[in-house]
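Summary of the model geometry
Each chain, written out:
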Amino acid sequence: MQKVIPPRLVEPYLNGQRSVIAGYVYRVWDCAFREPADFYAALGLGYAGSEFSAEMPEIFVMRWRALDMGTSLVPPAAEELPGAVPEFYTLPVPVPVGAEIHRIAGAGEEFIAQYDGQVWLRPARRL
């Protein structure tokens, strides 16, 4: 599964101030976009009060393997438009062990960190 993260929540996740996932989520294979504007358009991120814009130079996503979300994941509505990206809604659940945060920009995708159940582990910086 994948959730687009508002820019203001990236650091709170990474420093442990935020530890739950909630809201609309998507299957990774349904939204393998390469540009932030593609996420914006396909996922309808221009809703009232949104922190996202079509001109954002980067977008952050959290990805995780949904092994047992049956009690917290609401399937997409049957009346969804043909060709629309299926949208699921999850009740608040703890960030799963193994979840990853990625940064997506025009230059490509960058792995930011992986959650080990206690902290987010970032790759070592190269000198």
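All of the points below concern the structure found in this document.

Rules used in this analysis
Residues numbered from 1 in each chain as written. Predicted model: local features only at pLDDT ≥ 70, side-chain atom pairs only at ≥ 80, totals over all residues. Heavy atoms only, no water. Helix = DSSP H or I, 4+ residues; strand = E, 2+ residues; numbered from the N terminus. Buried < 20%, exposed > 50% of the residue type's maximum accessible area, 1.4 Å probe, protein only. Contact = heavy atoms within 4.5 Å. Areas by Shrake-Rupley, 256 points an atom, 1.4 Å probe, with all protein chains shown as cover. Core = buried A, V, L, I, M, F, W, Y, C linked by side-chain atoms within 4.5 Å. Pairing = 2+ DSSP bridges.

Helix and strand content of the chain: two helices and eight strands. In the chain, which comprises 127 residues, the proportion classed as buried is 35%. Restricting the contact set of the chain to residue pairs at least 6 apart, pairs at least 24 apart contribute 60%. About 7,900 Å² of surface is accessible on the chain, with carbon and sulfur atoms providing 54% of the total.

Core analysis: the biggest nonpolar cluster contains 20 residues, and Ile5, Tyr13, Met62, Val95, Ile101 and Trp120 have the highest contact counts within it. Looking at this core, the elements that each hand over two or more residues are α1 (7–14), β2 (20–25), β3 (58–63), β5 (88–94) and β7 (108–115). Per-element tally for this core: the top contributor is α1, with four residues. Setting aside chain neighbours within four positions, we find isoleucine 5 in contact with Val10, Tyr13, Phe52, Phe60, Val61, Met62 and Ile101. By size, the runner-up hydrophobic cluster in this structure holds twelve residues, among which are Phe39, Phe52, Met56 and Val61.

Alignment of strand β6 (residues 100–105) against β7, held across six bridges, turns out to be antiparallel. Along β7, the bridge assignment pairs alanine 105 with glycine 108. Once β6 ends, the chain turns through two residues before running back antiparallel as β7. Strand direction decides the pairing type here: β7 and strand β8 (residues 120–121), joined by two bridges, are antiparallel. Across the sheet, the residue bridging to tyrosine 115 is tryptophan 120, located in β8. If you look at the hairpin formed by β7 and β8, you'll find four residues sitting between the two strands, and glycine 117 has a positive phi there, around 105°.

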